[in-house]
Amino acid sequence: MSKLSGLSRHKKINRLRDGVKRGTDWLPWLFGGLVLGLSLIILMRPPTDPDLGWHLRNGADILRLGVPQGDLYSYTMFGYPWISHEWLTDVGLYLGNHYLGFWFLSALFAGLVVAAYLLSALISKARWEVIILMTLVAVMVALPIVGIRAQMITLLGLAITLYWLFSWYHQPHNHRIYWLIPLMLIWVNLHGGFVAGLLLAGVFLASTAGKTLWQRYSRHTLIGPVLTLRQLAELAIIIALM
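Note that the structure is predicted; figures quoted are calculated from it, not measured.

Conventions and cut-offs
- Chains are numbered independently. Their residues run from 1 in the order of the written sequence.
- For a predicted model such as this one, the threshold for reporting local features is a pLDDT of at least 70, and the threshold for listing and counting side-chain atom pairs is 80 or more; totals across whole chains, interfaces and linings nevertheless cover every residue.
- Values shown for side chains rest on all heavy atoms present in the structure; no hydrogens or waters enter the calculation.
- Put simply, DSSP marks the helices as runs of H or I at least four residues long and the strands as runs of E at least two long, and each gets a number from the N terminus on.
- The definition of a polar contact used here is a pair of N or O atoms within 3.5 Å, where within protein one atom must be able to donate a hydrogen and the other to accept one, and adjacent residues in sequence count solely through side-chain atom pairs.
- A 1.4 Å probe rolled over the protein chains alone gives each residue an accessible area, and that area as a share of the maximum for its type sets the label: buried under 20%, exposed over 50%, partly exposed in between.
- Starting at the helix axis, one direction is taken to each C-beta atom, and the arc is that of these directions.
- Two residues qualify as a contact provided that any one of their heavy atoms is within 4.5 Å of a heavy atom in the partner residue.
- The convention used is that axes are lines fitted to C-alpha atoms, helices contributing only their stretch in contact, and that angles between N-to-C directions extend from 0 to 180 degrees.
- Angle categories: roughly parallel below 35 degrees, roughly antiparallel above 145, roughly perpendicular from 65 to 115, and oblique for all the rest.
- Throughout, a crossing is termed right-handed when the near helix is turned clockwise from the far one, and left-handed when it is turned anticlockwise from it by less than a right angle.

Caption draft 1: Structural detail: the side chain of glutamate 234. Tracing the backbone shows glutamate 234 in helix 10 (residues 229-241). At a separation of 2.7 Å, a polar atom in the side chain of glutamate 234 contacts the side chain of tyrosine 178.

Written out as structure tokens, the structure reads:
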């Protein structure tokens, strides 16, 4: 009888504990929302990049005249061949500023930076609270260099590339890395930093290939997934298409 009473008491305690846990499941999400919101507020500052003015003018001229083939803005080098590799960003900057103002651009680029660091932290697969704090620390460290700048687009592009590569690395049956091809198609028209994305993918391919070859010809067992030659070939083809 005492055993049954003790078992019943134990079940009641477990149910009470489960109820408390379910009732507080929202707390990590509230914490994450507050910290990410704080990160956005920290990053939302008046535009200070001295290049912003000519980016806005270039965006307006592209809408009026098309993508320029030469220098339109200097006296001594007027008409000199020039590749406007950020033409799509300049158009977006001009339209955003024209219709919604500087504070919209500030909020937009702050969101790009927070998203970049959050994606990078998610690769670690740490606890949600740790990921959020890692994002906040990264934002604070990068504060002197962030702003309404096209480089922030490359920052996000690198984070997305790395996140998709590691996601596929741990689950090769998903085809998320195929999205790298349209990502690069957009990125190449937004900022010249797309080259860093290609280098990052190439380094990832080289490191995973080295791990596969080491596992194939060595007696030592390595930690983590090891890709097959077929999977390495798939990755190489995707990088080539990028």
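After that view, the rundown keeps rolling.
Caption draft 2: Molecular detail of unusual backbone geometry. Residues other than glycine seldom take positive phi values, yet lysine 125 does so here, at roughly 60°. With respect to the helices, strands and loops of the structure, lysine 125 is situated in the loop between helix 5 (102-122) and helix 6 (128-142).

Caption draft 3: Seen up close, helix 8 (residues 180-187). By the burial criterion, the buried members of helix 8 are Leu180, Leu183, Met184 and Trp187. For helix 8, the buried positions fall inside an angular range of 95° around the axis, keeping them on one side. Of the surrounding secondary structure, the elements contacted by the buried residues of helix 8 are helix 7 (151-170), helix 9 (194-217) and helix 10.

Caption draft 4: Spatial organisation of the packing of helix 5 against helix 7. Taken N-terminus to C-terminus, the directions of helix 5 and helix 7 make an angle of 25°; their axes are 8 Å apart at the nearest point. Relative to helix 7, the element helix 5 is oriented roughly parallel. Crossing hand, helix 5 versus helix 7: left-handed. Touching Phe109, Leu112, Val113, Ala115, Ala116, Tyr117, Leu119, Ser120 and Leu122 of helix 5 are Met152, Ile153, Leu155, Leu156, Ala159, Ile160 and Tyr163, all from helix 7.

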